[in-house]
Amino acid sequence: MIDLRSDTVTKPNQKMRAAMAAAEVGDDVYGEDPTVNRLEERAAEVCGKQAALFVPTGTMGNTIAIKLHTKHGEEVICDARAHVMDWELAMMAWFSGCLARPVPTLNGILTWKQIEPALRPKGPHNAPTTLISLEDTHNMGGGTVYPQHDMDEICAEAHTRGLRVHVDGARVFNASVASGTPVARIVRDADTVMFCLSKALGAPVGSMLAGSAEAIADARLYRKRLGGGMRQAGVLAAAGLVGLEDSPARLAEDHRNARLLAEGLAELPGIAVDAALVQTNIVIFDITGLGITTAEFSKRLKARGVLANGINASHMRMVTHVDVTRADCERVVGVLSEISENVSRQKSRATNEHDYTRMQAGG
Ligand code: TLP
């Protein structure tokens, strides 16, 4: 099976497994796990922040970040397809008592011009805005990368107004490689950033939340409250450290493979995708023209050894990662073309039969 459902599906490599087996551990709730401590120091350094916290998932990292920056009854501005809004079980409402104020965008990238009209001042009728949450790269926007000037402007304008900015950087290393900008520079002005070890970086488990020493000290308490105090977590952190050090250097390959898929898809009848918009490791394409659902499309792919999911009834997503080679992607292009040709042939046969029946009936 060639698994393009997500970059979350990667399996730890031999170096990670060896590091896990050899990891020095201690009780992390007492702050005594040397491997977790090393990972947290390294993550803080890479993000250019004072401190970082190892959390089990990206969802927990985002949940804690939103809690850190808000009080109950406030609003959080995010793009309308943000992961924090659509894919995290309304955690914003559940844990922080906040309302998401979604702003529609073309590819998931917000600008200050779009954010400003959505701000809500404190008043007799408004829940005030206190936080802006940005996603870089933007998953459902198709792996899009924040232009640096937009992120800088959003942070500057937000801070002038006493608002905070969180970056859901689950795939911020992809953004860094695609833009040639160090992660620390990308998130320089953001208050917190979450990134995932378990996605493009290839580790089996874990995400990091980075920010000021004060914010991360509070985050540690929220993590415990959420049940995320993980004790001898050094066995997991060890794999994360390998991913953090080794994986960014190979991400360009995933981006080239995604581009190859997108260029192949762009040639196929019934499929709409703009290959030029594919900047990182995510390809989202519209199959409306084929006249079959994404569930049916996934089924046909699976029957030919390829796994990929729909993100809704009309759009499919494919994500490249370390466990998918260029040759795999070339094979996927062949499979895609076979499916689209079969569907087109079935459609034209159905149309011909319909015309013939109508002709016979004198229609
Ligand atoms: N994304 C997953 C699914 O939940 C959609 C995926 O397969 O892409 N932020 C962003 C931008 C994400 O894409 C994800 C996971 C998360 C946060 C949450 O991370 P986890 O799965 O570790 O909770």
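Source: prediction; values computed, not measured.

1. Remarks on the layout of surface pockets
There is about 390 Å³ of room inside the largest pocket. Among the secondary structure elements, those contributing two or more residues to the lining of the largest pocket are α3 (58-69), β7 (192-196) and β11 (309-310). No other element matches the three residues that α3 contributes to the lining of the largest pocket. Within the lining of the largest pocket, the residues separate by chemical class into six nonpolar, 10 polar and seven charged. Of the domains in this structure, domain 1 (11-247) and domain 2 (250-362) are the two that each give at least three residues to the lining of the largest pocket. The space that makes up the second largest pocket amounts to roughly 330 Å³. Lining the second largest pocket are 20 residues, and of these Met140, Gly141, Gly142, Ile284 and His315 sit closest to its centre. Sort the elements by how many residues they give to the lining of the second largest pocket and strand β9 (residues 282-286) lands first, with five residues. For the lining of the second largest pocket, a count of residues per class yields 12 nonpolar, five polar and three charged. Both domain 1 (11-247) and domain 2 (250-362) contribute no fewer than three residues apiece to the lining of the second largest pocket.

2. Some words on empty space enclosed by the protein
Going through the model one piece at a time under the given rule, you end up with two cavities of 30 Å³ or more. Looking at the largest cavity, the residues that line it are Cys78, Asp79, Ala82, Val84, Gly108, Leu110, Ser133, Leu134, Glu135, His138, Tyr146 and Asp168. Elements with a contribution of two residues or more to the lining of the largest cavity: β3 (75-79) and β5 (129-135). No other element matches β5, which puts three residues into the lining of the largest cavity. In terms of residue class, the lining of the largest cavity is built from six nonpolar, three polar and three charged.

3. With respect to the site of the ligand
Taken together, 16 residues lie around the ligand, and Ser6, Thr59, His83, Asp168 and Arg171 are the ones closest in. Here an oxygen atom of the ligand sits 2.6 Å away from a polar atom, N or O, in the side chain of Thr59. Measuring from an oxygen atom of the ligand, one finds a side-chain N or O atom of His83 at 2.8 Å. Out of a free accessible area of 520 Å², the ligand has 84% covered by protein chains. In a pocket analysis with a 2 Å cut-off to the grid points, the ligand is assigned to the largest pocket.

4. Quick notes on unusual backbone geometry
Look at the link from Asp136 to Thr137: it is a cis peptide, with omega at 0°. Within the fold, Thr137 resides in the loop between β5 and α7 (148-160). Its identity as a non-glycine residue notwithstanding, Arg231 has a phi of 55°, on the positive side. When you line up the elements, Arg231 lands in the loop between α10 (213-225) and α11 (234-246).

5. A closer look at the pairing of strand β8 (residues 207-211)
Of all five residues making up β8, five are buried, and the element is well covered by its neighbours. Of the two faces of β8, the one holding Ser207, Leu209 and Gly211 and the one holding Met208 and Ala210 are both buried throughout. Pairing between strand β2 (residues 51-55) and β8: five bridges, direction antiparallel. Bridged to Ala52 within β8 is Ala210. Bridge count for β7 against β8 is four bridges, and the pairing is antiparallel.

6. A look at the environment of Cys47
Tracing the backbone shows Cys47 in helix α2 (residues 34-47). For Cys47, a relative accessible area of 0% corresponds to the buried category. For the pair Cys47 and Thr192, spaced 145 residues apart in the sequence, the C-alpha separation amounts to 9.4 Å. With residues up to four places along the chain from it excluded, the contact list for Cys47 reads Val183, Ala184, Val187, Val193, Phe195 and Ala210.

7. Description of the sheet that holds β2
If you trace the seven strands from one edge of the open sheet to the other, you get β2-β8-β7-β6-β5-β3-β4, paired in mixed fashion. The open sheet is flanked by β2 and β4 (99-103), the only strands paired with a single partner. Direction aside, the axes of adjacent strands within the sheet are offset by 20° on average. Contacts from α7 reach β5 and β6 (164-168), with the element oriented near 150° to β6. α10 contacts β2 and β8 of the sheet and is inclined by roughly 20° relative to β2.

8. A word on the domain arrangement of the chain
Once the domains are mapped, the chain shows domain 1 (11-247) and domain 2 (250-362). Approximately 1400 Å² of surface area, both sides summed, lies buried where domain 1 meets domain 2, with 55% of it carried by carbon and sulfur atoms. At the boundary of domain 1 with domain 2, the tally comes to zero salt bridges. Connecting domain 1 to domain 2 are seven residue pairs in polar contact (both at pLDDT 80 or more). Here the side of domain 1 that touches domain 2 gets four residues from one element, more than from any other, and that element is helix α8 (residues 172-179). The residue inventory of the side of domain 1 that touches domain 2, partitioned by class, reads six nonpolar, eight polar and three charged.

Cut-offs applied
- Residues numbered from 1 in each chain as written.
- Predicted model: local features only at pLDDT ≥ 70, side-chain atom pairs only at ≥ 80, totals over all residues.
- Heavy atoms only, no water.
- 1 Å grid on protein atoms, 1.4 Å probe; cavity = no way out; pocket = protein on both sides within 12 Å on 5 of 7 lines; lining within 4 Å.
- Points joined across faces, edges and corners; volume = space filled by probe spheres on them.
- Helix = DSSP H or I, 4+ residues; strand = E, 2+ residues; numbered from the N terminus.
- Nonpolar A, V, L, I, M, F, W, Y, C, P; charged D, E, K, R; others polar.
- Domains from an automatic or database assignment.
- Near = heavy atom within 4 Å.
- Polar contact = N/O pair within 3.5 Å; in protein donor to acceptor, adjacent residues only side chain to side chain.
- Areas by Shrake-Rupley, 256 points an atom, 1.4 Å probe, with all protein chains shown as cover.
- Sits in = over half its atoms within 2 Å of the grid points.
- Buried < 20%, exposed > 50% of the residue type's maximum accessible area, 1.4 Å probe, protein only.
- Pairing = 2+ DSSP bridges.
- Contact = heavy atoms within 4.5 Å.
- Axes fitted to C-alpha atoms, helices over the stretch in contact; angles between N-to-C directions.
- Buried area = accessible area lost by both parts, 1.4 Å probe.
- Salt bridge = Lys/Arg side-chain N within 4 Å of Asp/Glu carboxyl O.

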